Amino acid sequence: MNTTQLTGEHRDVLVIGAGPSGTVAASILKNAGYNVKIVEKQLFPRFVIGESLLPRCMDNLEYAGLLKAVEQGGFQQKFGAKFVKNGETCDFDFSEQYTKGWNWTWQVPRAQFDHLLAKETEKKGVPVAYEEEVVGVDFRNDGSSTTTVRKKDGTEYTINARFMIDASGYGRVLPRLLDLDKPSNFPVRASFFCHLQDNQRPQGIDGNRITIVIYSQDVWIWIIPFSSGITSVGVVGAPETINRFEGSPEEQYQQWLNDVPELKDRFAGSERQFEPRKITGYSASVKQLWGRGFVLTGNSTEFLDPVFSSGVTLATESGAVAARLAVRQLGGETVDWEKEYADYMKHGVDVFRTFVTTWYDGSLPRIFFSKESNPDIKRQMCSVLAGYVWDMNNPIVRKHERAVKALAQILS
Ligand SMILES: Cc1cc2nc3c(=O)[nH]c(=O)nc-3n(C[C@H](O)[C@H](O)[C@H](O)COP(=O)(O)OP(=O)(O)OC[C@H]3O[C@@H](n4cnc5c(N)ncnc54)[C@H](O)[C@@H]3O)c2cc1C
C-alpha cells in the first residue's frame, strides 16, 4: 500500500498485546512523549501461565515507571530458588550473587500482575483497547503501517502508526502475518498445571520459596507459592510422559500429585482453583527479530522452556530495549537494530539456552548437586538464575557454553 490518503486512527506507535512486554514498551514510549496505543485481544484480568519472576525484571519495571504499581499488589516476595533431587536440596539465594543488582523479586498470579501493569500504563495516558484483535497489517516503504483491528462485535477499523511493537506473546501476530515463524530446535515438551489451595504449606522461607523438583532427567515439577495461600503446581516433560495416566484431567493430575513425594502430603485433598490444564509444544522461534517499521518482543520472538523462569524477564527486557531504540529512531536517529537489539537479545537468550540444554542432558543438575560446590561458581550461576545474563564480567555469562560443559566434566 503506498497511498498517503490515510483513513483511520493515527499513532506514533502501535503495540500489540498488553502482557508485560507490551506494557513495559508502551510505558517507556509514553514517558518519552510519544502517542502510543495498545490493542489487546482479551479482556483483563486474563489467565496466563508464567508466575515466577527473576530479579532482573525489576530493573525493567522500574525503568518503565511500573514498579511502584506492582508493589501495591502485595505479591509473594521471592528471594531465591530451590532445586530438589532425590531428597537433596540445592538452594540459590539471590543475595549471594556475582552481579550487583536486585536480590529479590515476586511470585505472581499473572492475571493480577499483568492487570496492574496494564492499568498503570493506562494511567500514564496509553489507551488499551481490550477485546480487540489485530488481524492484518500493511507496511509501507518508509516503515509506517496500517493495521486492521477487529472488535468483539466483528466490526473492523484501521490504525496508522509510524512504528509497531509486536508483543503478542503466544498470539505471534507478526511472525504469522509476515511468515517469520521458525520451529524451535528444542524437543516438544508439555506441561500440566493447576492452582491449589496450599493449607499445609511449610512455615517460613521453605514454604514460600519456589521449588523445582527433579522427578527424572527430563521431567520436573514447579511449586510456586503465592501470598494468597494458593500455590501453582505444574509438571513438565515429554508429552507421552505427561499423558501417561488415564482418566479426566482432574484424575490424571491427582495421580501426578500422588506420584511425587514432595507433593503428595502437602496437597492431599487440596481444593483446585480451576480444572488442571495442559499446554503442549510452547517452544517457538523466529527467523528475524525486527524489520523496517517493526520489532518483535517477548514471547512473540522465541520461547525456550519454563525451567528457569526466564519468560517475563526476557519479555520485559526486550520490551524495554526495543522501546528505547524506537524512541531514538522516532527522534530521527539511525538505529542499528541488528546489533543493538537482535544481537543483544540473542546473547541473553543463548545464555539461558545453554542452561536449559544442560538442564535436560543432566550436566547442570550435576553441577547444582555436586558435593564439591565452589562458592564463587555458585555466585556466578546464581546471577544467571537471577536473570543477569548480560553481565559480561561474569565468567559463566561470558563463556556460558564452555564453562558449563567444563564444570560438569570436572564435577562428574
Ligand atoms: C508452562 C509454562 C510455564 C512458564 N513459567 C514461567 C515462569 O515461571 N516465569 C516466567 O517468567 N515465565 C514463564 N513462562 C513464560 C511466560 O508465560 C511468557 O514468557 C510471558 O507471558 C511472556 O510475556 P509477553 O508479554 O511476551 O506475552 P503474554 O503475556 O502472553 O501477552 C501477550 C498478549 O498479547 C495478546 N494478543 C495475542 N494475539 C493478539 C492479537 N492478534 N491482537 C491483540 N492482542 C493479541 C494476548 O491476549 C496477550 O494478553 C512459562 C511458560 C510456560 C508455557
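Residues numbered from 1 in each chain as written. Predicted model: local features only at pLDDT ≥ 70, side-chain atom pairs only at ≥ 80, totals over all residues. Heavy atoms only, no water.

1. Examining the overall build of the chain
Part 1 of the argument: In terms of regular secondary structure, the chain is built from 15 helices and 19 strands.
Part 2 of the argument: Its C-alpha atoms give the chain a radius of gyration of 21 Å, near enough to 22 Å, the size a compact globule of 412 residues would have.
Part 3 of the argument: Counting only C-alpha atoms, the chain reaches 70 × 45 × 40 Å along its principal axes.
Part 4 of the argument: A total of 412 residues make up the chain; the buried ones form 58% of that total.
Part 5 of the argument: Accessible surface computed for the chain: about 17200 Å², of which carbon and sulfur atoms make up 47%.
Part 6 of the argument: Within the chain, the 50 negative side-chain charges are centred at a point lying 3 Å from the centre of the 47 positive side-chain charges. (Helix = DSSP H or I, 4+ residues; strand = E, 2+ residues; numbered from the N terminus. Rg over C-alpha atoms; globule rule 2.2 N^0.38 Å. Buried < 20%, exposed > 50% of the residue type's maximum accessible area, 1.4 Å probe, protein only. Areas by Shrake-Rupley, 256 points an atom, 1.4 Å probe, with all protein chains shown as cover. Lys, Arg positive; Asp, Glu negative; His and termini not counted. Charge placed at Lys NZ, Arg CZ, Asp CG, Glu CD.)

2. A short note on the sheet that holds strand S13 (residues 210–216)
Part 1 of the argument: Spatial strand order, S5-S4-S13-S14-S15-S12-S16: seven strands in an open sheet with mixed pairing. Sheet topology places strand S5 (88–93) and strand S16 (277–280) at the edges, where each strand pairs with a single neighbour. When the angles between neighbouring strand axes are averaged without regard to direction, this sheet yields 20°.
Part 2 of the argument: As paired elements, strand S14 (residues 219–225) and strand S15 (residues 230–237) share six bridges and run antiparallel to each other. Residue Trp 222 lies in a different strand from S15, and its bridge partner there is Gly 234.
Part 3 of the argument: Along the sheet, helix H8 (residues 249–259) contacts strand S12 (190–197), S13, S14, S15 and S16; its crossing angle with S12, the most-contacted strand, is approximately 85°. (Pairing = 2+ DSSP bridges. Axes fitted to C-alpha atoms, helices over the stretch in contact; angles between N-to-C directions. Contact = heavy atoms within 4.5 Å.)

3. Topic: the domain arrangement of the chain
Part 1 of the argument: Each assigned domain of the chain is listed with its residue range as follows: domain 1 (9–78 + 100–183 + 283–348), domain 2 (190–280) and domain 3 (361–411).
Part 2 of the argument: Each of domain 1 and domain 3 has a C-alpha centre, and the two are 30 Å apart.
Part 3 of the argument: Contact with domain 1, which involves 14 residues of that partner, is made by 10 residues of domain 3.
Part 4 of the argument: Of the roughly 1000 Å² buried between domain 1 and domain 3, counting both surfaces, carbon and sulfur atoms make up 69%.
Part 5 of the argument: Area buried by domain 1 at its contact with domain 3 is led by Arg 56, Phe 308 and His 347, which between them contribute 51% of it.
Part 6 of the argument: Run the count over domain 1 and domain 3 and you get zero salt bridges. (Domains from an automatic or database assignment. Buried area = accessible area lost by both parts, 1.4 Å probe. Salt bridge = Lys/Arg side-chain N within 4 Å of Asp/Glu carboxyl O.)

4. Structural notes on the site of the ligand
Part 1 of the argument: What surrounds the ligand is a group of 37 residues, the closest being Glu 40, Ile 49, Ser 52, Asn 299 and Val 312.
Part 2 of the argument: Interatomic distance of 3.0 Å between a side-chain N/O atom of Arg 46 and an oxygen atom of the ligand.
Part 3 of the argument: Contact distances for the ligand include 2.6 Å between an oxygen atom and a backbone N or O atom of Ile 49.
Part 4 of the argument: In the complex, 97% of the free accessible area of the ligand, which totals 1000 Å², lies under the protein chains.
Part 5 of the argument: Looking at the shell around the ligand, the elements that each hand over two or more residues are helix H1 (20–31), helix H4 (110–123), strand S8 (132–139) and helix H10 (311–330).
Part 6 of the argument: Of the residues that constitute the shell around the ligand, the class distribution is 15 nonpolar, 14 polar and eight charged. (Near = heavy atom within 4 Å. Polar contact = N/O pair within 3.5 Å; in protein donor to acceptor, adjacent residues only side chain to side chain. Nonpolar A, V, L, I, M, F, W, Y, C, P; charged D, E, K, R; others polar.)

5. Topic: unusual backbone geometry
Part 1 of the argument: In this structure, the amide linkage connecting Phe 44 to the following residue, Pro 45, adopts the cis form with an omega of 0°.
Part 2 of the argument: Along the polypeptide, Pro 45 turns up in the loop between strand S2 (36–39) and helix H2 (56–63).

6. What to know about the pairing of strand S9 (residues 145–151)
Part 1 of the argument: Two strands pair when backbone bridges link them, and S8 and S9 are joined in this way by seven bridges, in the antiparallel orientation. Looking at the pairing, Val 134 lines up with Val 149 of S9.
Part 2 of the argument: Relative to strand S10 (residues 156–166), S9 runs antiparallel, the two being bridged by six bridges. Counterpart to Thr 148 in the pairing with S10 is Thr 158.
Part 3 of the argument: Connecting S9 to the antiparallel partner S10 that follows it, the hairpin turn spans four residues, and Gly 154 within it adopts a positive phi of roughly 90°.

7. What to know about the packing of aromatic side chains
Part 1 of the argument: Taken as a whole and assessed by the stated rule, the structure comprises 25 aromatic pairs.
Part 2 of the argument: A ring pair is formed by Phe 92 and Phe 368, whose centres lie 5.0 Å apart and whose planes are at 65°; its orientation type is edge-to-face. One end of the pair, Phe 92, is in strand S5; the other, Phe 368, is in helix H12 (residues 363–368), and 276 residues separate them in sequence.
Part 3 of the argument: For Phe 92, a relative accessible area of 3% gives the class buried.
Part 4 of the argument: Between Trp 220 and Trp 222, the ring centres sit 6.2 Å apart and the planes meet at 50°, which makes this aromatic pair tilted. The pair Trp 220 / Trp 222 is uniform in exposure class, with both members buried.
Part 5 of the argument: Ring-pair connections join several aromatic residues into one group, and the members of that group are Phe 83, Phe 92, Phe 308, Phe 355, Trp 359 and Phe 368. (Phe/Tyr/Trp six-rings, centres within 6.5 Å; stacked < 30°, edge-to-face > 60°.)

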